[in-house]
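# Working through the structure, step by step
Residue-level listing of the chains:
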Amino acid sequence: MASEPAKVVPPTEAPVVEPEKAAPPPTTQPTDYFAVADVVLRLLVFASALVSVVVMSTSKETKMLPNPRPAKFTHSPALIYFVAALSVAGFFSLITTLGSLYSLIKPGCSAKIISHFIVIDVLLLGIVASATGAAGSVTYVGLKGNTHVRWGKVCTLYGKFCRYVGASIGVSLFASVMLVLLVLLSVYSLSKKIPK
Amino acid sequence: METESHTIAKEIGVANKQTIRWNDFVLRFLAFVVTLVAAIVLGVSKQNELVPVQLVPTLPPINVPASAKWSYMSAFVYFVIVNAIACAYAVISLVLSLANKGKTKGLSLTIILFDLIMMALLYSSVGAAAAVGLIGYKGNTHVRWNKVCDVFGKFCGQVVAAIAISLVGSILFLLLVLLATVNLHKNIRH
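Residues numbered from 1 in each chain as written. Chains lettered and ligands numbered in written order. Predicted model: local features only at pLDDT ≥ 70, side-chain atom pairs only at ≥ 80, totals over all residues. Heavy atoms only, no water.

The name an unreviewed UniProt entry gives chain B is CASP-like protein, with Solanum pennellii as the organism. Looking at chain B in UniProt, the text filed under Sequence similarities (unreviewed entry) is "Belongs to the Casparian strip membrane proteins (CASP) family." One UniProt comment on chain B, placed under Subcellular location (unreviewed entry), says "Cell membrane". (UniProt positions renumbered as here; feature names shortened; annotations may be inferred.)

As annotated in an unreviewed UniProt entry, chain A carries the name CASP-like protein and is attributed to Solanum pennellii. The Sequence similarities (unreviewed entry) comment attached to chain A in UniProt states, word for word, "Belongs to the Casparian strip membrane proteins (CASP) family."

Rendered as structure tokens:
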């Protein structure tokens, strides 16, 4: 007789318990700060690469000497290499941004994606650093001149051109620092997944 | 049965750690040698030449002594300094990684960070020296910068050799970072 109400009670309680159990799990997932910081850093790299390319491409200045003589970035092979390298870096950083956005939305396969993106980021860092160094050295010679080889200053005459080129190189330096932080973040989040 | 497979897995783990350490050691030692050679090759590059200069069209040209040294160009100074720093860092990180043997995770992460920074600096120095060398080789008519390499051929040859050797050194640092990533990827429990 005592078992009868015990048998009756559970079936009515069971459907009440189920919806309560179904509600909590979606809200107990913590926000993954690494993935969010990853996407933000990649967006910054893409934005600075884009800004560098645009500023360098629009840095044309013409002075009357008395013939009109322009100063363009295509006059120097180092600056052409700079524009090409940063365009490649911007394209690949766009791809990796989309990839890490996808891994933010759908968490689970993140470790493999992180390792592959570290390789891309390290290669991009090499390319961007070499482009920055090349453009920076040529611009420095144009700024200060070199008396030993009789190379004259360019920036006293073409002020706007030098300002644009200098700003573009500064932004690409920022992009390479962001890439270093990105690789550091990815390596740190990979190392946290290793069992001790 | 379980303890047997567990000990086998442990042995494979230890064996992996041993071989990975050898790769790391060899790469760092090679990087030390290569960056040292690159810094020295550019550091001792000097050439003295007599350049014929025509002051007045009627008189024959006067021979003016001119010299080409690496210290005359700031990009080459940057190149030598960065290669020297990378060489010193290769020695220090070699000693540190041998002493660490993968025990402290913080030290391993710091070594990876500095490997990355050294790689970026080396690549930028290669780019800088190559850009300036290209101007010296071909000149630039738009800004009236004259060629240098038709007069100072031996100096230009030494510059090219130093740049090529340093490029090998920067690729070695790149491989070091990639090797560290591969190690981390292997040790993750999927």
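Now, onward.
## Details of the UniProt feature "transmembrane region" (unreviewed entry) in chain A
Here, the residues flagged by UniProt with the feature "transmembrane region" (unreviewed entry) are residues 33-57, 78-105, 117-143 and 164-188 of chain A. Between the C-alpha atoms that bound residues 33-57 of chain A there is a distance of 36 Å. The span itself is 100% helix and 0% strand. (Helix = DSSP H or I, 4+ residues; strand = E, 2+ residues; numbered from the N terminus.)

## So, helix H3 (residues 105-138) of chain B
The end-to-end C-alpha distance of H3(B), which contains 34 residues, comes to 50 Å, matching closely the 50 Å that a straight helix rising 1.5 Å per residue would cover. Note on H3(B): the residue one or two positions beyond its end, Gly139(B), has a positive phi of about 75 degrees. (Expected span 1.5 Å × (residues − 1).)

## Considering the pattern of salt bridges
Two side chains that carry opposite charge are able to pair once their charged atoms sit near each other. Residue and element names in this part refer to chain A. Counting across every chain of the model gives five salt bridges over all chains. Here Lys63 makes a salt bridge to Glu61, at a shortest N to O gap of 3.8 Å. Assessed through its relative accessible area of 12%, Glu61 is described here as buried. Salt bridges sharing partners connect three or more residues here, namely Asp38, Arg42 and Asp121. (Salt bridge = Lys/Arg side-chain N within 4 Å of Asp/Glu carboxyl O. Buried < 20%, exposed > 50% of the residue type's maximum accessible area, 1.4 Å probe, protein only.)

## A closer look at the confidence of the model for chain B
All names here are of chain B. Scored by pLDDT, chain B comes out at a mean of 86, with 88% of its residues at no less than 70. In the model of chain B, helix H1 (residues 2-43) stands out as the element of lowest mean pLDDT, 76, in contrast to H3, which has the highest, 94. Across the interface, the model reports ipTM at 0.85; the global pTM reads 0.85. (pLDDT = per-residue confidence, 0-100.)

## Quick look at the UniProt feature "transmembrane region" (unreviewed entry) in chain B
Residue and element names in this part refer to chain B. According to UniProt, the feature "transmembrane region" (unreviewed entry) maps to residues 25-45, 75-99, 111-137 and 157-182 in the numbering used here. In residues 25-45, the share of helix is 90% and the share of strand is 0%. The end C-alpha atoms are 31 Å apart. Structurally, residues 157-182 comprises 100% helix and 0% strand, and the distance from its first C-alpha atom to its last is 38 Å.

## Comments concerning empty space enclosed by the protein
For the structure shown, the criterion picks out one cavity of 30 Å³ or more. Here the largest cavity is characterised by a volume of approximately 40 Å³. If you trace the largest cavity, you find it lined by Ser76(A), Pro77(A), Ala78(A), Val138(A), Ala131(B), Leu134(B) and Ile135(B). When residues of the lining of the largest cavity are traced back to their parent elements, those giving at least two are helix H3 (77-105) of chain A together with H3 of chain B. Here the element with the most residues in the lining of the largest cavity is H3(B); it accounts for three residues. (1 Å grid on protein atoms, 1.4 Å probe; cavity = no way out; pocket = protein on both sides within 12 Å on 5 of 7 lines; lining within 4 Å. Points joined across faces, edges and corners; volume = space filled by probe spheres on them.)

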